[in-house]
Each structure stands twice: as C-alpha cells, then as structure tokens.
Amino acid sequence: MSEAFRSLLSCLAADLKLPEVPEQEGMALLVIDDFEVVLRLLPSEQVLIYTVVAPLPEEGRAALMASLLEANALFLATQGFTLAAREDTGVLLQGSLPLAALNGGNIAQWVENFVNVAESWQARCLSAENPAPERDSLAGEGTIDPLAMLDMLRV
C-alpha cells in the first residue's frame, strides 16, 4: 500500500477529528452523514471515491435516468463527480483524482464536497418527481471548481 495514500488518510482523519481512518489493502470505508463512503487507491495511482446515493425507484425510473444523464453532462450538476445506476446497488456517485493531486490541504474539502453532492442527489432521487437539476445548483462560496479539480476531461 502506498505510503502517500496512508498519509492522505491520516490527514483526512485529523480533519474529520477521527482517531484514524482505517485502511485495508488500499481501501478505506468512512460513514459520513449516513453515507458509506469508500476511498480506494487504484493501481493507476488514482484515488477512487464512491457511495450509494439511493435505491432505484420502482416507478419513474426513466425520468430519474434522464436526470442522472443530464447531470453528468460537463459535470455541471455533480461538481466533477459522476452519477451511475445499477440494478443491484441503485444510484451511485463516484469520482477519482490522481493521488498526486490530493494532499492534506484538500482531501477533506474533496470528501466534503462529495458528500454534499451525494446528499443533494439523494434528496432528488427519493423525491417523487425527480426534477431536472439546475445548472450549478451546488456551487456556492468555498466550493471547489470541479473542472479545475479534474485537471482534464478523460475520454
């Protein structure tokens, strides 16, 4: 396991006021605001973050899927993260950044922004109408520009 990843988790633990963020085989699990947030170091030296946002609804799936697809366009309603849906897990929020782009000064902000996006999308997914997202609806003072955090779009 990467010493840099372990150090990153130590910084995150300090920012979250936790004794530690336990890690096993390059993966850490945190429970933040009722979300199970997984941080995983990939062999490509990317840090993957993901959580289950909500189950797929029995009714209104087409509208929800359209909303998820629209939200992913240019990451405008996801703050640089990506929404996905699977029958077995439900709606997922995920993202990745190079390990080298994360440090003790920005890891907590990245995780906090991720959880804020997850909370917003959980509310949308659980609402009866699944309204389409507003552009930059999550942008606010102190938030990170998702396109700047990505450094480049991957194809």
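Residues numbered from 1 in each chain as written. Predicted model: local features only at pLDDT ≥ 70, side-chain atom pairs only at ≥ 80, totals over all residues. Heavy atoms only, no water.

**Structural notes on the sheet that holds strand β1 (residues 23–24)**
Right, so step 1: Spatially, the six strands line up as an open sheet ordered β1-β2-β3-β4-β6-β5, and their pairing is antiparallel. With one partner strand each, in any of the chains shown, β1 and β5 (82–86) form the two edges of the open sheet.
Right, so step 2: Where helix α1 (residues 3–15) meets the sheet, its contacts fall on β1, β2 (27–32), β3 (35–41) and β4 (46–54), and the angle it forms with β3 comes to roughly 150°.
Right, so step 3: Here helix α3 (residues 107–126) sits on the sheet and contacts β2, β3, β4, β5 and β6 (90–98); the angle it forms with β4, its principal contact strand, is near 25°. (Pairing = 2+ DSSP bridges. Helix = DSSP H or I, 4+ residues; strand = E, 2+ residues; numbered from the N terminus. Contact = heavy atoms within 4.5 Å. Axes fitted to C-alpha atoms, helices over the stretch in contact; angles between N-to-C directions.)

**Let's talk about the packing of α1 against α3**
Right, so step 1: Where α1 meets α3, the axes come as close as 9 Å, and the angle between the chain directions of the two elements is 70°. Taken together, the axes of α1 and α3 are roughly perpendicular relative to one another. Relative to α3, α1 is oriented so that their crossing is right-handed. Residue-level contacts link Leu8, Cys11, Leu12 and Asp15 of α1 to Ile107, Ala108 and Val111 of α3.
Right, so step 2: The residue makeup of the contact of α1 with α3, split by class, is six nonpolar, no polar and one charged. (Parallel < 35°, antiparallel > 145°, perpendicular 65-115°, else oblique. Left-handed = near helix turned anticlockwise from the far one by under 90°. Nonpolar A, V, L, I, M, F, W, Y, C, P; charged D, E, K, R; others polar.)

What is shown is where atoms sit, not what they do.
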